[in-house]
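Each chain, written out:
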Amino acid sequence: MKFLKTATALGTVLSLQAGAGLAADAELTVFDWAGYEDPGFFSAYIETHGDSPTFAFFGDEEEAFQKLRSGFRADVAHPCSQSVPKWIEAGLLAPLDTARIDRWGELEPSFRDVKAYTKDGQNYFIPADWGNTAVTYHTEHLNDADVASLQAFADPKHQGRISIGDNVDDAYALGFLATGVNDWTNATDAQFRAASDFLRTVHQNVRTYWSDGASLAQLMQSGEVYLAWAWNETYSTMTYEGHPIEIKRDTAEGASSWVCGYAKLTNAPGSEDKFYDFINAWLEPQTANHLVSAWGYGHGNAKAMADMNTEDLAAAGLESSNALRAKTLWQAPVPSALREKMIAEFELIKAGF
């Protein structure tokens, strides 16, 4: 498989430094993770309307949630699986007219038909991208045996050479897995405390909490960071560029898996027609091919995935959504009380408390 290095990294950094999104089509604003302004994800939209949507960015879903609650307005948002129920109950999301989503029937059923993504018989979530958060390491500094267990993140010999995402869900996926929990939906208070204690130990070794794939790639390229808890993107793009990076999903405790997607925001100021044009562009097979080849993520369009070369998909660990979720902590929605504790505790951990 050819992993194509996207041109988003520099654009991501510049847009974040500027403190603003990317202005283009004023009739559709997409509130998204940095990097998803890559036009390869919605080329059919550009062909129809002559421009990209306007993009605004968030660093994690709690930041996005609070910004939307405080009055920020956009048309489209990109939450992940564990946040969707909270956003629905807060009234942030509008129900979808699935009849206007051309490839709704082609979406992966195990992602599309999750009960937590519906309310009163209506759908609120369009699964778009899925992947792993897993051990990613620089092979000039570490070998496979060094990262056989997630306990490596807590080993003091790696102090100052580790990075994990500034993302509560990925962080707690690491914490729960490392302490023996691979289903966090029924986690007890004792299990939550054990996961938190592990993350406090890891914090002593963390050089920085990465906020986007581009910044993590820079840290790992130099060897400044040689062990990370990272998304597929880092391995895919860095190996294509020739850097000695490996991903290890089969540690003793496993890895984590997730699905993210798009949703329609309530009181959207822009064009509803353009919302559905954007979604339909995202679900095109050409988008699926770009997501897999350039970013190393799976696509929500199961039919498009089935049409791809199976050897290429297996090499990327994307042979099927079921295989991806096997032996992983699946980042399914958790009870709201637990999620709020995770959010509050992670902020304390990062602050050194």
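Reference entry: report on the structure contained in this document. Source: prediction; values computed, not measured.

For the rest of this paragraph, the subject is the packing of aromatic side chains. For the structure on display, the rule yields 29 aromatic pairs. With 6.0 Å between their ring centres and 85 degrees between their planes, Trp33 and Trp231 make a pair best called edge-to-face. Linking Trp33 in strand 1 (residues 25–33) with Trp231 in strand 10 (residues 227–231), this pair joins segments that are 198 residues apart in sequence. With respect to burial, Trp33 and Trp231 carry one shared label: buried.

A few words on helix 6 (residues 168–178). Because the α-helix completes a turn every 3.6 residues, residues three or four places apart line up on one side. With eleven of eleven residues buried, helix 6 is to be regarded as a mostly interior element. For helix 6, the N-terminal capping position is held by Asn167, with its side-chain oxygen 3.0 Å away from the main-chain nitrogen of Asp169.

Okay, the state of the cysteines next. According to the stated counting rule, one finds one disulfide in the structure shown. With a sulfur-sulfur separation of 1.8 Å, Cys80 is cross-linked through a disulfide to Cys260. The disulfide joining Cys80 to Cys260 has a torsion of about 90 degrees about its S-S bond and is therefore right-handed. Remark: Cys260 occurs in strand 12 (residues 255–265) and Cys80 occurs in the loop between strand 3 (76–77) and helix 4 (84–89); sequence separation between them is 180 residues. Overall, the relative accessible area of 5% leaves Cys80 in the buried class.

Once that is clear, we can look at the nonpolar core. The tendency in soluble globular proteins is for nonpolar side chains to be buried as a group. In terms of nonpolar packing, the biggest core is built from 77 residues, with Leu93, Ile126, Tyr262, Phe278 and Trp282 touching the most fellow members. With seven residues, the single largest contributor to this core is strand 12.

Cut-offs used in this document
Residues numbered from 1 in each chain as written. Predicted model: local features only at pLDDT ≥ 70, side-chain atom pairs only at ≥ 80, totals over all residues. Heavy atoms only, no water. Phe/Tyr/Trp six-rings, centres within 6.5 Å; stacked < 30°, edge-to-face > 60°. Helix = DSSP H or I, 4+ residues; strand = E, 2+ residues; numbered from the N terminus. Buried < 20%, exposed > 50% of the residue type's maximum accessible area, 1.4 Å probe, protein only. Polar contact = N/O pair within 3.5 Å; in protein donor to acceptor, adjacent residues only side chain to side chain. Disulfide = S-S within 2.5 Å. Core = buried A, V, L, I, M, F, W, Y, C linked by side-chain atoms within 4.5 Å.

None of the figures reported here should be taken as evidence of function without further support.
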